[in-house]
Amino acid sequence: MINYIPREFDIVRDRERCIDCGCCVRQCGFDCHYFDDDGKTVVADSTRCVACHRCVDLCPTGALSIRKHVCDYKDNANWTPRIQQEICRQAATGGVLLSAMGNPREYPIYWDKILLNASQVTNPSIDPLREPMEIRTILGRKPEKLTAVKKGKSQTEMPPQVMLETPIMFSAMSFGSISLNAQKTLAIAAKNLGTLFNTGEGGLHPELSDWSDYAVVQVASGRFGVHKEYLNNSKFIEIKIGQGAKPGIGGHLPGEKVTVEVSNARMIPEGSDAISPAPHHDIYSIEDLRQLIWSLKQATNNEKPISVKIAAVHNIAAIASGVARAGADIVVIDGYRGGTGAAPTRIRDNVGIPIELALAAADQRLRDESIRSRVSLVAAGSFRCSSDIVKAIALGADACYVASAPLIAMGCHMCQKCNTGICNWGIATQRPELTRRLNPEIAHERVENLINAWNHEIKEIMGGMGINSVDSLRGNRLMLRGIGLSDKELEILGIKHAGE
Amino acid sequence: MLKEGQVRIPSGCAIAAIIDKKGERINGSEIIKSIALMHDRSNGLGGGFAAYGIYPEHANDYAFHVFYDSAQSRKECEDFLFKHFNVDVSEKIPTRKTEKIGLGPDIWRYFALPNKVRMSESRLDEEEYTAQCVTHINTSIDGAFVFSSGKNMGCFKAVGYPEDVGEFYMLDQYEAYLWTAHGRFPTNTPGWWGGAHPFNILDWSIVHNGEISSYDANRRYIEQFGYKCTNQTDTEVITYLFDHLIRHHGLPIDVAADVLTAPEWDEIDNMPAEKKEYFTNLRAIYSGALVNGPFSVILGSNKGLLAINDRLKLRSLTAAVKGNRAYFASEESAIRIVCPDPDEVWSVSGSEPVFIPLELDEKEGSAK
């Protein structure tokens, strides 16, 4: 059918290099490549190409490349090609536009408008190769004060704490939205790195029970896979109220992704749509959240910290404070760039606020209310590199959640087609012929390498600042300067402008 | 140019201290001699002293030392002070004319006790009431700055080299059982008298050498609890940390020192169970109070003297003991010039605080 939309990419095959081996034919889940009628010559249908690069990266002779298909529209700053194409897609289907991964639009990325400090003369920088450089991070509710009548002996009753060897955790991605192999990759990496992965709202697959000490288990509005063992097989429990990619709306895992295994983990019939309602139907206000937190603590004998994940929306500071006062031990804020397996495009691209501003506002609000030191604050929503994380911690985060970056380490190329259930890299799919492409035993090393590299960089940056413990970086906003930001933006971020 | 309080000004320094733990009093000329030897460690933009046990005749009164920029600021401050306190004595602090100290503010001293009616209305205890009144003056009354507010103790500071500041304030006329001294090397300052060290609140006074890299983490931590870092200096924030931990949280002074200079995780992980739990809890609860970057700090109080050094030992600090007396200084020579043959001399190591308690005879009051 003619859909009035030109193709996005051109698959370019260098015929001199191509040996017609058919590798690309086997690799492409979108069926772009196929053997011509002669059964020997490989040809391609570029209209289906999503630029996932699976064929390019695996082609043994390097014969393939992908180019953006050029098809100019008449210039119009208002009716851009993207807008026109979206209208055509809706005209053809009558449906809500769906997208995957985080908001890709050209909103300001504040991380790129914040610069870091370093020591000169008056204060020595510290060499992380010669001196200890601490990035260990402890999450959980803290008592008001230490109880100790004499040095060396604590008589403090500590609520449950979670000790991480890096301020970086893997954020929630459910089994169903990603493959078991992808989850297992993160689980192995989390264990080896001394951090945590997050089950999302998909239950804990029995094969992952060995890694339950490294798991954050989520309780979301659909309550999929939630039972007593699930709650207790965890390091902490996360109540998901909202997600940065789609604040205010629920989730929908289409029935075709609900395989036998997914149905078992989620405790729903095979092939049925898994629909997470927009609100929790037992949480219509803050006092209800308090009850759910209390119930989960009861179910786990008060041994697990409870976190509450909220999307960064306009009134985030007050909401974060309410959540902390409702008893959350850890408050997670997910910014509008946060990734997703599927979200309505209009929501993803237009709802919510940047994590930088949300984090700064919430951290300051909790301090104004004298409760910041009692709770942990975790930021999520697109951390692309170690310096983003350093900036987030300096703004006030205890730790950061990352998901897209480790997925990229596993092979993801941000083609943003997770919602199709086809993922040539074996990540966001349940098709066995695709999921087996991702070998957790190999992939975990790439993820660990990535986080270890970031850890090294974080230590190097801290050393340059003359700081040897992440505790002294947390909330240390004097280490940040804005560049090209308005007075209002600087005021919300609580930082000075470069040169001040 | 912006002065302290409007901008954060890092500085290097020299520090020195002498304590007689039995409370025998020492003339101010001793500490001047010690700090003067380290002349080159300061640049003439600030010097100061804290002395404990100098006002035995007013031992139970708060001794407020105040800088005034104008008669108007004095009037405003005194209106406030006389309303909130019963002031026993109000006088100019005696100074000696010396050309080495330039023109400065008017310097006044008040011996006072809180107005009981106002204090009970405020529902605060005596110390909190006094601390809040001092904070109010320093943040709300333009041109007035209370730079000393303890009992039976006083700070003396000015823009100049420390030995000249000592001469200016006639410290050879004072006897104290605990002295601390500071010579300042700010990297950028117009030289504001209030910005010199020691920094003081109630009984606590701090002299400090270094530039802490955790400043803003510490500031934002402590400002949660009603403190306002008006000076934007390291000494101020460290003083507030100690005040908060000891006065509000009731921690023993050496536990508070552990909070600021907690050992590294590598060490903690290998400690015996009880100690490991202690430090793990301490670091988890007080991560915002960990002080980082190079520093040596001497904390004076009527409880005694505490010396701490940064975790990596990036700043020098030497200690010595002779009989009932203990000496501290940035350089060993500054100790030997006043105590040539100490019983013991050592370099204070990182994350191992040294605390010399005052063992005053209760019956004789707070000082001999």
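Within each chain, residues carry numbers counting from 1 in the order of the written sequence. Chain letters start at A and ligand numbers start at 1, both assigned in the order the entries are written. Reporting in this predicted model follows two pLDDT cut-offs: at least 70 for local features of residues, and 80 or more for side-chain atom pairs to be given and counted; totals over whole chains, interfaces and linings ignore these cut-offs and use all residues. The basis for the side-chain values is all heavy atoms of the structure; hydrogens and waters are excluded.

**Focus: the overall build of chain B**
A count of helices and strands for chain B gives 11 helices and 18 strands. We compute the radius of gyration from the C-alpha atoms alone; for a globule the expected value is 2.2 Å times N to the 0.38, where N is the number of residues. Since a compact globule built from 368 residues should have a radius of gyration of about 21 Å, the 19 Å found for chain B is in line with a globular shape. The dimensions of chain B, computed from C-alpha atoms along their principal axes, are 60 × 50 × 50 Å. Here's how the labels work: a residue is buried when its accessible area is under 20% of the maximum for its type, exposed when over 50%, partly exposed in between, all with a 1.4 Å probe on protein chains only. Burial analysis of chain B (368 residues in total) assigns 62% to the buried set. Here, two residues are considered to be in contact whenever any of their heavy atoms come within 4.5 Å of each other. Considering only contacts within chain B whose residues lie at least 6 apart along the sequence, 74% involve residues at least 24 apart. Computed by Shrake-Rupley with a 1.4 Å probe, the accessible areas treat only the displayed protein chains as cover when residues are assessed. Of the roughly 13000 Å² of accessible surface on chain B, a fraction of 47% belongs to carbon and sulfur atoms. In this text, helices come from DSSP runs of H or I with a minimum length of four residues, and strands from runs of E with a minimum of two, each type numbered from the N-terminal end.

**Remarks on the domain arrangement of chain A**
Residue and element names in this part refer to chain A. What marks off one domain from the next here is an automatic or database domain assignment. Examined at the domain level, chain A breaks down into domain 1 (9–95) and domain 2 (137–497). The interface of domain 1 with domain 2 comprises 14 residues on the first partner and 11 residues on the second. By buried area we mean how much accessible surface two parts lose on assembly, using a 1.4 Å probe and totalling the loss over both. For the pair domain 1 and domain 2, the two sides together bury roughly 1100 Å², of which 51% comes from carbon and sulfur. The largest per-residue losses of area from domain 1 upon contact with domain 2 belong to Phe-30, Cys-52 and Arg-54, which jointly make up 44% of the total buried on that side. In what follows, salt bridge is the name for a side-chain nitrogen of Lys or Arg lying within 4 Å of a carboxyl oxygen of Asp or Glu. On inspection of domain 1 and its partner domain 2, the count reaches one salt bridge. Of the charged contacts in the structure, one is a salt bridge between Glu-86 and Arg-346, with a shortest N-O distance of 2.7 Å. Counted as a polar contact is a pair of N or O atoms within 3.5 Å, where, for protein atoms, one must be capable of donating a hydrogen and the other of accepting one, and residues adjacent in sequence contribute only when both atoms are in side chains. Inspection of the region where domain 1 meets domain 2 yields eight residue pairs in polar contact (both at pLDDT 80 or more).

**A closer look at the packing of helix α6 (residues 215–222) of chain B against helix α7 (residues 234–248) of chain B**
Residue and element names in this part refer to chain B. In contact at an axis separation of 10 Å, α6 and α7 are set at 45 degrees when each is read in the N-to-C sense. One finds that α6 runs oblique with respect to α7. Here α6 and α7 pass one another in a crossing that is left-handed. Where α6 abuts α7, its residues Tyr-215, Asn-218, Arg-219, Tyr-221 and Ile-222 lie against Asp-234, Val-237, Tyr-240, Leu-241 and His-244. Under the convention adopted here, Pro, Cys and the residues Ala, Val, Leu, Ile, Met, Phe, Trp and Tyr are nonpolar, Asp, Glu, Lys and Arg are charged, and Gly plus all remaining residues are polar. Tallied by class, the residues present in the contact of α6 with α7 amount to six nonpolar, two polar and two charged. To get an axis, a line is fitted to the C-alpha atoms, and for a helix only the part in contact is used. The angle between two axes follows their N-to-C directions and goes from 0 to 180 degrees. The scheme is simple: roughly parallel for angles under 35 degrees, roughly antiparallel for over 145, roughly perpendicular for 65 to 115, oblique for anything else. By convention the crossing between two helices is left-handed if the near helix lies anticlockwise of the far one by an angle smaller than a right angle, and right-handed if it lies clockwise.

**Looking at helix α4 (residues 180–193) of chain A**
Residue and element names in this part refer to chain A. One less than the number of residues in a helix, times 1.5 Å, gives the span that helix is expected to have. For α4, spanning 14 residues, the distance from its first C-alpha to its last is 20 Å, which sits close to the expected 20 Å at 1.5 Å a residue. Turning to α4, its buried residues number three or more, namely Leu-180, Asn-181, Ala-182, Gln-183, Lys-184, Thr-185, Leu-186, Ala-187, Ile-188, Ala-189, Ala-190 and Leu-193. In this structure, the buried side of α4 is in contact with β9 (168–170), β10 (197–198), α6 (260–266), α12 (404–410), α13 (432–435) and α14 (440–465). Of the residues flanking the end of α4, it is Gly-194, one or two places downstream, whose phi is positive at about 75 degrees.

**Here we look at a negative patch on the surface**
What goes into a patch is any residue over 30% in relative accessible area without a salt bridge, connected to like charges within 9 Å or, for nonpolar side chains (Val, Leu, Ile, Met, Phe, Trp, Tyr), within 5 Å. Within this scheme the basic residues Lys and Arg register as positive and the acidic residues Asp and Glu register as negative, but His and the chain ends are omitted. By convention, charge coordinates are those of NZ in Lys, CZ in Arg, CG in Asp, or CD in Glu. Residues Asp-127, Glu-131, Glu-457 and Glu-460 of chain A make up a contiguous surface patch of negative charge. Relative to the elements of secondary structure, Glu-131 of chain A occurs in the loop between β6 (114–116) and β7 (137–139).

**Brief notes about unusual backbone geometry**
One can expect most non-glycine residues to show negative phi and most peptide bonds to be in trans. Backbone torsion omega between His-197 of chain B and Pro-198 of chain B reads 5 degrees, so that peptide bond is classified as cis. By the secondary structure assignment, Pro-198 of chain B is in the loop between β10 (178–186) and β11 (199–201). If you check the backbone angles, His-53 of chain A has positive phi at about 70 degrees while not being a glycine. Looking at the element boundaries, His-53 of chain A is found in the loop between β3 (42–44) and α2 (54–58). Not every positive phi belongs to a glycine, and Arg-223 of chain A is a case in point at roughly 55 degrees. Note that Arg-223 of chain A resides in the loop between β11 (215–219) and α5 (228–232).

**Notes on the packing of aromatic side chains**
Note on ring pairs: Phe, Tyr and Trp rings are taken, using the six-membered ring of Trp, and paired if centres are within 6.5 Å. Classes follow the plane angle, with under 30 degrees stacked, over 60 edge-to-face and the rest tilted. Under the criterion given, the structure shown has 19 aromatic pairs over all chains. With 6.4 Å between their ring centres and 20 degrees between their planes, Trp-108 of chain B and Tyr-110 of chain B make a pair best called stacked. For the ring pair Tyr-227 of chain B and Tyr-240 of chain B, a centre distance of 4.9 Å and an interplane angle of 35 degrees mean the geometry is tilted. Separated by 13 residues along the polypeptide, Tyr-227 of chain B in the loop between α6 and α7 and Tyr-240 of chain B in helix α7 bring together distant segments of the chain. One aromatic cluster is present, built from ring pairs that chain together Phe-67, Phe-147, Phe-156, Phe-168, Tyr-169, Tyr-174 and Trp-193 of chain B. Just above the ring of Trp-425 of chain A sits the side chain of Arg-54 of chain A; from NZ or CZ to the centre is 4.7 Å. Here the guanidinium or amino end of Lys-151 of chain B rests over the ring plane of Tyr-62 of chain B, the centre of that ring lying 4.7 Å away. Working rule: Lys NZ or Arg CZ, within 6 Å of ring centre, within 35 degrees of ring normal, means a charge sits over the ring.

**Topic: the sheet that holds strand β4 (residues 62–68) of chain B**
Strand pairing in a sheet takes place through backbone hydrogen bonds and is either antiparallel or parallel in direction. Residue and element names in this part refer to chain B. Strand order in this open sheet of four strands is β5-β6-β4-β7, and the pairing throughout is antiparallel. What marks the edges here is a single partner per strand, and that holds for β5 (85–92) and β7 (144–148). Strand after strand, the sheet turns through a mean of 30 degrees between neighbouring axes, direction not considered. Here, a strand pair is defined by DSSP locating no fewer than two bridges between the strands. Of the pairings in the sheet, the one linking β4 to β7 comprises four bridges and is antiparallel in character.

**A few points about helix α11 (residues 386–395) of chain A**
All names here are of chain A. Taking burial as the measure, the 10 residues of α11 include nine buried ones, the bulk of the element. Within the sequence span of α11, burial applies to Ser-386, Asp-388, Ile-389, Val-390, Lys-391, Ala-392, Ile-393, Ala-394 and Leu-395. After α11 finishes, the residue Gly-396 shows a positive phi value of roughly 140 degrees.

**Comments concerning the pattern of salt bridges**
In the structure shown here, the tally under the stated rule is 50 salt bridges over all chains. In this structure, the salt-bridge partner of Arg-7 of chain A is Asp-10 of chain A, at a minimum N-O distance of 2.6 Å. Judged by relative accessible area, Asp-10 of chain A falls into the buried class, the value being 19%. Note that Arg-17 of chain A is salt-bridged to Asp-14 of chain A, the shortest N-O span being 3.4 Å. Judged by its relative accessible area of 46%, Arg-17 of chain A is partly exposed. The exposure class assigned to Asp-14 of chain A is partly exposed, which follows from its relative accessible area of 33%. One continuous salt-bridge network, built from bridges that share partners, spans Glu-134, Asp-363, Arg-367, Arg-372, Asp-398, Asp-471, Arg-474 and Arg-477 of chain A together with Arg-220, Arg-283 and Arg-311 of chain B.

**Things to note about the nonpolar core**
Among the nonpolar cores identified, the biggest contains 126 residues, and Phe-170, Phe-197, Ile-333 and Ile-427 of chain A are the most heavily contacted of them. Per-element accounting of this core gives the leading share, eight residues, to α4 of chain A. Here this core spans two domains, since at least three of its residues come from each of domain 1 (9–95) and domain 2 (137–497) of chain A. Excluding residues within four positions of it along the chain, Ile-427 of chain A makes contact with Ser-177, Ile-178, Ser-179, Ala-182, Leu-407, Met-410, Gly-411, Cys-412 and Leu-438 of chain A. Put simply, a nonpolar core is a bunch of buried Ala, Val, Leu, Ile, Met, Phe, Trp, Tyr and Cys residues held in one set by side-chain atoms that sit within 4.5 Å of each other. One finds Tyr-62, Ile-285, Leu-290 and Ile-308 of chain B within the second-largest nonpolar core, a separate group that totals 66 residues.

**Looking at the interface of chain B and chain A**
Listed per partner, the contact involves 44 residues of chain B and 47 residues of chain A. Interface area, chain B with chain A, both sides summed: about 3900 Å², of which 52% is carbon and sulfur. The largest share of the area that chain B buries against chain A comes from Arg-220, Gln-224 and Ile-285 of chain B, three residues that together contribute 19% of it. Where chain B meets chain A, there are seven salt bridges. A salt bridge links Lys-153 of chain A to Glu-274 of chain B, with the shortest nitrogen-to-oxygen separation between them at 3.7 Å. Across the contact surface, chain B and chain A share 25 residue pairs in polar contact (both at pLDDT 80 or more). For the side of chain B that touches chain A, the secondary structure elements donating two or more residues are α6, α8 (253–260), α9 (265–269) and α10 (273–285) of chain B. Residue contributions to the side of chain B that touches chain A peak at 10 residues, all from α10 of chain B. Residue classes in the side of chain B that touches chain A are distributed as 19 nonpolar, 11 polar and 14 charged.

**Observations concerning the side chain of Ser-386 of chain A**
All names here are of chain A. For Ser-386, the location among the structural elements is in helix α11. Judged by relative accessible area, which is 5%, Ser-386 ranks as buried. A distance of 2.6 Å separates the side chain of Ser-386 from the side chain of Glu-457, its partner in a polar contact. Once residues within four sequence positions are removed from consideration, Ser-386 is found in contact with Trp-454, Glu-457 and Ile-458.

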